[in-house]
Amino acid sequence: MLAVLSALPLAVALLGASKPCPRNCQCYDSDLVDCRARGLAHVPHSLPHGTWLLDLGLNSLAELRRHSFSGLWSLRVLVLSDSGIQLLQPQALFFLSFLEKLDLSHNKLPALPSDFSHSLSSLRELHLDHNRLQHLGSSSLERLENLEKLDLSHNRIQSIELGALRGLSRLRRLYLQANQLAALQEGTLTRLQGLEVLLLGQNHISKIETEALAPLHSLSLLGLERNRLEHLKFKSLLNLRAPSTHLQLSANPWMCDCDLHRVFSKVLRVRRLHVDDYENITCHAPLQLAGAHLAWVDGQLCMAETATVLVITVTVLVTVIAAIVMAERNRKKN
């Protein structure tokens, strides 16, 4: 009797794996199921339980309903790109505890449900690029403790709630380019000590708070090109403690003045910081320098300030000498 009971789970698994392939899909040894571009309006119900890879891209799913993937314990790769998805219902992704790669790119998602990550603890790669996301809440991604790559590029993200990324302790690559972020705040990147690549190009970033980059002890590439940076604090970049970090800073509306010259002069002297596109950094203001390469004019940016200091110094000296001469003349008269 004990032997019969112990054999039941295996029998159930074999029975589940023997499910026929869903109509309009193609199955390969019940491990790989191809339902791509089949005009599907919902996730098929009769998927083999042993499915390892499921491709549902290029369909017309509109929404993912509750428990859409019930019973797919073996699923490791799930592709849902280009399927017109506008809504993820609560618990839509439950039962995917062993999923390692999820592709939801090129859909129409305006937000992620608060329980989005609750059954995705094994996920290593998540693609959410080319959606309509506007905000990252503190709970949507909190349980993705094994995630290594997160692509959020080409959305409409204006804000990232403090703590939204705190659970991603193993994250290596974070793509946030082509969004609408206005600032990089302290606390946003907390606990991302292992992050190696951070791409923030093509946003609206005009401010980087002093301690915003401090947690990034392993960062090798920081992309900040095509933002709205006019000035930069040297300490903001100095707080990067990684052994070697490459920076991309071109195509920003830089205000070329003596302060900017000092910042870049210091940055270029820090051995662990490398400005890859320094030769392509151009001035936006003042008007007389618009379009000029910073590398060509940076040595002249402090000349006017130096000349002003010299004029003031000479004026003071002349005044002091004149006062001394007058005092000596008055002493002799007396």
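All figures in this text were calculated on a predicted structure; none of them were measured in a lab.

Caption draft 1: Fine view of the state of the cysteines. The final tally for this structure, using the stated rule, is four disulfides. A sulfur-sulfur separation of 1.9 Å characterises the disulfide bridge that pairs Cys258 with Cys302. Across the S-S bond of Cys258 and Cys302 the torsion is about 100 degrees, and the bridge reads as right-handed. In this pair, Cys258 sits in helix H3 (residues 258–269) while Cys302 sits in the loop between helix H4 (294–297) and helix H5 (303–333), placing the two residues 44 residues apart along the sequence. Disulfide partners in the protein chain, listed by the sequence order of the bonded cysteines, are 1-3, 2-4, 5-7, 6-8.

Caption draft 2: Fine view of the side chain of Ser153. As for its position among the elements, Ser153 is in the loop between strand E10 (149–151) and strand E11 (159–160). For Ser153, a relative accessible area of 4% translates into the label buried. At 2.7 Å, the side chain of Ser153 forms a polar contact with the side chain of Asp151. Setting aside its immediate chain neighbours within four residues, Ser153 contacts Asp129, His130, Tyr175, Leu176, Gln177 and Asn179.

Caption draft 3: Highlighting unusual backbone geometry. Residue Pro286 is reached from Ala285 by a cis peptide bond, and omega for that bond is -5 degrees. The topology assignment puts Pro286 in the loop between strand E20 (283–285) and H4. Despite not being glycine, Ala62 has its phi angle at roughly 65 degrees, a positive value. By the secondary structure assignment, Ala62 is in the loop between strand E3 (53–55) and strand E4 (63–64). The phi torsion at Phe95 lies on the positive side, around 75 degrees, for a residue other than glycine. The partly exposed category is assigned to Phe95, whose relative accessible area is 25%.

Caption draft 4: Structural detail: the sheet that holds strand E1 (residues 26–28). Reading across from one edge, E1-E2-E3-E5-E7-E8-E10-E12-E14-E16-E17-E19 is the order of the twelve strands in this open sheet, with mixed pairing throughout. With one partner strand each, in any of the chains shown, E1 and strand E19 (273–275) form the two edges of the open sheet. Going from strand to strand, the sheet's axes swing by 5 degrees on average, the running direction of each strand aside. Pairing of strand E7 (residues 101–103) with strand E8 (residues 125–127) involves three bridges; the strand directions are parallel. In the strand pairing of E8, Leu102 is matched with Leu126.

Caption draft 5: Representation of a nonpolar patch on the surface within the structure. Taken together, Tyr28, Leu32 and Trp52 make up a surface patch of nonpolar side chains, about 290 Å² in accessible area. Looking at the element boundaries, Tyr28 is found in strand E1.

Caption draft 6: Seen up close, the side chain of Asn227. If you trace the backbone, Asn227 turns up in the loop between strand E16 (221–223) and helix H2 (234–238). A distance of 3.2 Å separates the side chain of Asn227 from the backbone nitrogen of Asn203, its partner in a polar contact. Apart from residues no more than four positions distant in its own chain, Asn227 is found in contact with Leu200, Gly201, Gln202, Asn203, His204, Ile205, Ala251, Asn252 and Pro253.

Caption draft 7: Region of interest: the packing of aromatic side chains. Counting across every chain of the model gives three aromatic pairs. Here the aromatic rings of Phe264 and Tyr278 are separated by 5.9 Å at their centres, their planes lie at 40 degrees, and the arrangement is tilted. With a gap of 14 residues between them, Phe264 in helix H3 and Tyr278 in the loop between E19 and E20 connect regions that are remote in the sequence. Pair check on accessibility: Phe264 and Tyr278 agree, each one buried. Every member of this aromatic cluster is reached through a ring pair, and the members are Trp254, Phe264 and Tyr278.

Caption draft 8: Structural detail: the nonpolar core. One finds Phe69 and Leu102 to be the most contacted residues of the largest nonpolar core, which totals 84 residues. Residue assignment for this core shows that the elements contributing at least two residues are H2, H3, E19 and H4. Here Leu102 is in contact with Leu78, Leu80, Leu93, Phe116, Leu120, Leu123, Glu125, Leu126 and His127, once residues within four sequence places are set aside.

Caption draft 9: Structural view of the pattern of salt bridges. Applying the stated criterion across every chain, the model contains eight salt bridges. One salt bridge connects Arg38 with Asp34, and the closest N-O pair in it is separated by 3.7 Å. On the basis of relative accessibility, which here comes to 28%, the residue Arg38 falls in the partly exposed class. One salt bridge connects Arg65 with Glu63, and the closest N-O pair in it is separated by 3.9 Å. Residue class for Arg65 comes out partly exposed when judged on its relative accessible area of 48%. Taking relative accessible area as the criterion, Glu63 reaches 27% and is therefore assigned partly exposed.

Caption draft 10: Spatial organisation of H3. The end-to-end C-alpha distance of H3, which contains twelve residues, comes to 17 Å, matching closely the 16 Å that a straight helix rising 1.5 Å per residue would cover. Considered for burial, the residues of H3 that qualify are Cys258, Leu260, His261, Val263, Phe264, Ser265 and Val267.

Caption draft 11: Structural detail: the pairing of strand E17 (residues 245–248). Side-chain alternation along E17 places Thr245 and Leu247 on a buried face and His246 and Gln248 on a face that remains uncovered. Bridge count between E16 and E17: three bridges; the pairing is parallel. Within E17, the residue paired with Gly223 across the bridge is Gln248. Summarising the sheet, E17 and E19 pair through three bridges and their orientation is parallel. Of the residues in E19, the one forming a bridge with His246 is His274.

Rules used throughout
Residues numbered from 1 in each chain as written. Predicted model: local features only at pLDDT ≥ 70, side-chain atom pairs only at ≥ 80, totals over all residues. Heavy atoms only, no water. Disulfide = S-S within 2.5 Å. Helix = DSSP H or I, 4+ residues; strand = E, 2+ residues; numbered from the N terminus. Buried < 20%, exposed > 50% of the residue type's maximum accessible area, 1.4 Å probe, protein only. Polar contact = N/O pair within 3.5 Å; in protein donor to acceptor, adjacent residues only side chain to side chain. Contact = heavy atoms within 4.5 Å. Pairing = 2+ DSSP bridges. Axes fitted to C-alpha atoms, helices over the stretch in contact; angles between N-to-C directions. Patch = residues over 30% accessible without salt bridge, like charges linked within 9 Å, V, L, I, M, F, W, Y side chains within 5 Å. Areas by Shrake-Rupley, 256 points an atom, 1.4 Å probe, with all protein chains shown as cover. Salt bridge = Lys/Arg side-chain N within 4 Å of Asp/Glu carboxyl O. Phe/Tyr/Trp six-rings, centres within 6.5 Å; stacked < 30°, edge-to-face > 60°. Core = buried A, V, L, I, M, F, W, Y, C linked by side-chain atoms within 4.5 Å. Expected span 1.5 Å × (residues − 1).

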